[in-house]
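Okay, here's what each chain looks like letter by letter:
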There are 2 protein chains.
Amino acid sequence: MDIKTYLKDKAALVDAALDRYLPGADTLPEKLHQSMRYSVMAGGKRVRPILLLASCNAVGGDEAAALPAACALEMIHTYSLIHDDLPAMDDDDFRRGRPTNHKVYGEATAILAGDALLTEAFELLSDPEINREVSAETLLRVSHIIARFAGSTGMVGGQVVDMESEGKEIDFPTLEYIHTRKTGALMLASVQCGALLGGADEQAFAALTRYGSAAGLAFQVADDILNVISTSETLGKTAGSDAVRGKATYPALIGLDASRGRARELKEMAIAALDPLGEKAEPLRAIARFIVERSS
Amino acid sequence: MDIKTYLKDKAALVDAALDRYLPGADTLPEKLHQSMRYSVMAGGKRVRPILLLASCNAVGGDEAAALPAACALEMIHTYSLIHDDLPAMDDDDFRRGRPTNHKVYGEATAILAGDALLTEAFELLSDPEINREVSAETLLRVSHIIARFAGSTGMVGGQVVDMESEGKEIDFPTLEYIHTRKTGALMLASVQCGALLGGADEQAFAALTRYGSAAGLAFQVADDILNVISTSETLGKTAGSDAVRGKATYPALIGLDASRGRARELKEMAIAALDPLGEKAEPLRAIARFIVERSS
């Protein structure tokens, strides 16, 4: 399969759905909704929603029923980027090749736009009209998975430990703690929610969980590598910024070659986990390869 | 009935449940969980959770089934206070008589503690163990109400317009826009969720909706009045701060006497709305009186 075309097509599907689900730029308060849309519609890679849709397909599910949850995950990812970029946090000026949200709308609105996107995600997940085809039980399980992985022992927890570790020598377990939570948690949530919305049985759910854990970590290792080897132009944000900031990364801790080895190993683990799922999981295999090969 | 004893007893019930539902102070990352607990357990009046429990009781429902949603609302209220107090927002040093969250834990942790509390609220609402006695359909409806009233066209929207209005001359409709959203939205959500969790029929739900709208606005008018007439000591935060900041308030716009008149009028509307509910709604009537009489 042609993974680049696949990713482009699915991203377009997600973009159109996000545009539909987000309140319009002329909804009051206009500045808030413009700020929310500015960051969501900035053209991210939509990795998490695509993983969700591909996981739903991998167990024979209907992608349409999974689209609201896919968009909810992208909203949560986007809120986390807006907050991470704030002066009190990473203090970044550029994101996805454009000025960060607080640079355009000011700090207060950026904080509130993040808050509103996080809230909007759960509104979308519980909207009875939009989710007509999905049972309340499934929606509630999906909500619970997303909240758990996005919260204080998941993504937010990872961000806290990441911040606390800046400029400090940290060990490998701490690095994996940060990575499995800060990035890995939402990736695993995507895969598990896609599985549930697709009607996965226990065996398929377990296989996809193994896939999601490995692919999520592989993505972050690859991201660390890219931050070292890319230029700011290709990255859309400041290259080499992790090193400047004394951020805990794989290359900093185990070197570039060993990091690439770890990324390849995680990719193999992810692909192997999909064995029980056969042909329908082919996009997920291609995504795992694509994630890692970006950085090799 | 003795409203002060009632409020004290219910607040104790909510405090104990919050303590149970929040991750422990020794859960990793410890600083994050300590920061979350610092603000939640600071001893607020628990107005929203008590409104929720009282609304559940008013339609003959079982309070125990409503306790998780009550705590979720308090977590959302607390996150909004933490974020409102940030330097980029209202820049407040004191809240509930203690230093604000960012003064103790730093800005970055305060932002993340707010994010985590908002997320935790939806985790609690979707937890299958904790909500064993409530149907998935009801929980989903409760989730949707809370997300809608807390989001960009509800509480967050009200905060945005409030900020934008600082130091500007605003008209009465704008003031009511801010108040119905910034405070009123979560109060109405509390009442509606209590009604749903208590098994309200359509007529009771409509009556409680009228009550919640009026009582929520009455609460904010009373709060505006209190900010003018109190000392910092009794208020637990800086008295007169609204005026200093050029905040839109009832007394600033229509004067103290007319504000008191409006508060009394809203109280009467709230109480009249409860007519169809009879004796079981007595605590809700007493709460409406108490809210307004604090400020008279």
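Below, the structure is looked at part by part. (Residues numbered from 1 in each chain as written. Chains lettered and ligands numbered in written order. Predicted model: local features only at pLDDT ≥ 70, side-chain atom pairs only at ≥ 80, totals over all residues. Heavy atoms only, no water.)

**Topic: the overall build of chain A**
Reasoning step 1: The helix and strand inventory of chain A stands at 15 helices and two strands.
Reasoning step 2: Compactness check: chain A gives a C-alpha radius of gyration of 18 Å against a globular reference of 19 Å for 296 residues, within 12% of the reference.
Reasoning step 3: Reported as C-alpha extents along the three principal axes, the dimensions of chain A are approximately 50 × 50 × 35 Å.
Reasoning step 4: Looking at chain A residue by residue over its 296 residues, the buried ones come to 62%.
Reasoning step 5: Within chain A, residue pairs in contact and separated by at least 24 positions form 72% of the contacts whose partners lie at least 6 positions apart.
Reasoning step 6: For chain A, the accessible surface area stands at approximately 11000 Å², while carbon and sulfur atoms represent 51% of it.
Reasoning step 7: Looking at chain A, you have 31 positive and 42 negative side-chain charges, and the mean spots of the two groups are 3 Å apart. (Helix = DSSP H or I, 4+ residues; strand = E, 2+ residues; numbered from the N terminus. Rg over C-alpha atoms; globule rule 2.2 N^0.38 Å. Buried < 20%, exposed > 50% of the residue type's maximum accessible area, 1.4 Å probe, protein only. Contact = heavy atoms within 4.5 Å. Areas by Shrake-Rupley, 256 points an atom, 1.4 Å probe, with all protein chains shown as cover. Lys, Arg positive; Asp, Glu negative; His and termini not counted. Charge placed at Lys NZ, Arg CZ, Asp CG, Glu CD.)

**Observations regarding the interface of chain B and chain A**
Reasoning step 1: Counting residues at the interface gives 49 residues for chain B, matched by 49 residues for chain A.
Reasoning step 2: Counting the surface lost from both chain B and chain A, the interface buries some 3900 Å², and carbon and sulfur atoms represent 74% of this.
Reasoning step 3: On the chain B side of the interface with chain A, the three residues burying the most area are L112, L140 and S152 of chain B, jointly 15% of the side's total.
Reasoning step 4: Taken together, chain B and chain A are joined by zero salt bridges.
Reasoning step 5: Viewed at the interface, chain A and chain B are joined by six residue pairs in polar contact (both at pLDDT 80 or more).
Reasoning step 6: Among the elements of the structure, helix 2 (30-40), helix 4 (63-84), helix 6 (107-125), helix 7 (136-150) and helix 8 (155-165) of chain B are those that each provide at least two residues to the side of chain B that touches chain A.
Reasoning step 7: Counting residues per element, the side of chain B that touches chain A draws most heavily on helix 6 of chain B, which supplies 13 residues. (Buried area = accessible area lost by both parts, 1.4 Å probe. Salt bridge = Lys/Arg side-chain N within 4 Å of Asp/Glu carboxyl O. Polar contact = N/O pair within 3.5 Å; in protein donor to acceptor, adjacent residues only side chain to side chain.)

**A short note on the relation of the copies chain B and chain A**
Reasoning step 1: Its rotation angle being 180°, the transformation that places chain B on chain A also includes 0.0 Å of axial translation and leaves an RMSD of 0.0 Å. Within this description, the copies of the chain are treated as partners about a two-fold rotation axis. Closest approach to the rotation axis within chain B is made by the C-alpha atom of A136 of chain B, at a distance of 2.7 Å. (Least-squares fit on C-alpha atoms with pLDDT ≥ 70 in both.)

**Section: helix 15 (residues 282-293) of chain B**
All names here are of chain B.
Reasoning step 1: Compared with an ideal rise of 1.5 Å per residue, which puts 12 residues at 16 Å, helix 15 spans 16 Å between its outermost C-alpha atoms and is within 8% of the ideal.
Reasoning step 2: Turning to helix 15, its buried residues number three or more, namely P283, L284, R285, A286, I287, A288, I291 and V292.
Reasoning step 3: Buried residues belonging to helix 15 abut helix 1 (3-21), helix 3 (47-58), helix 10 (202-229) and helix 14 (256-273). (Expected span 1.5 Å × (residues − 1).)

**Overview of the packing of helix 6 (residues 107-125) of chain A against helix 7 of chain B**
Reasoning step 1: Where helix 6 of chain A meets helix 7 of chain B, the closest approach of the two axes is 8 Å, and the angle between their N-to-C directions is 145°. For helix 6 of chain A against helix 7 of chain B, the interelement crossing comes out left-handed. Listed contacts from helix 7 of chain B to T119, F122, E123 and L125 of chain A of helix 6 of chain A are L140, H144, A147, R148 and A150 of chain B.
Reasoning step 2: Residue composition of the contact of helix 6 of chain A with helix 7 of chain B, by class: five nonpolar, two polar and two charged. (Axes fitted to C-alpha atoms, helices over the stretch in contact; angles between N-to-C directions. Left-handed = near helix turned anticlockwise from the far one by under 90°. Nonpolar A, V, L, I, M, F, W, Y, C, P; charged D, E, K, R; others polar.)

**Focus: the side chain of R48 of chain B**
Residues and elements named next belong to chain B.
Reasoning step 1: With respect to the element layout, R48 can be found in helix 3.
Reasoning step 2: An unpaired buried charge is present at R48: no salt bridge exists, and E74, the closest side chain of opposite charge, is 5.1 Å distant.
Reasoning step 3: Only 3.3 Å separates the side chain of R48 from the side chain of H77, close enough to count as a polar contact.
Reasoning step 4: Not counting the four nearest positions on each side in its chain, R48 is found in contact with H77, T183, L186, M187, S190 and F219.

**Here's the deal with the nonpolar core**
Reasoning step 1: Formed by 116 residues in total, the largest nonpolar core has its most connected members in I76 of chain A together with I76 of chain B.
Reasoning step 2: With residues near it in sequence (within four places) discarded, I76 of chain A still touches L118, A121, F122, I146, A150, M155 and L186 of chain A. (Core = buried A, V, L, I, M, F, W, Y, C linked by side-chain atoms within 4.5 Å.)

**Considering a nonpolar patch on the surface**
Reasoning step 1: A contiguous nonpolar surface patch, about 210 Å² in accessible area, is contributed by F172, L253 and I254 of chain A.
Reasoning step 2: Checked against the element boundaries, L253 of chain A lands in helix 13 (residues 250-254). (Patch = residues over 30% accessible without salt bridge, like charges linked within 9 Å, V, L, I, M, F, W, Y side chains within 5 Å.)

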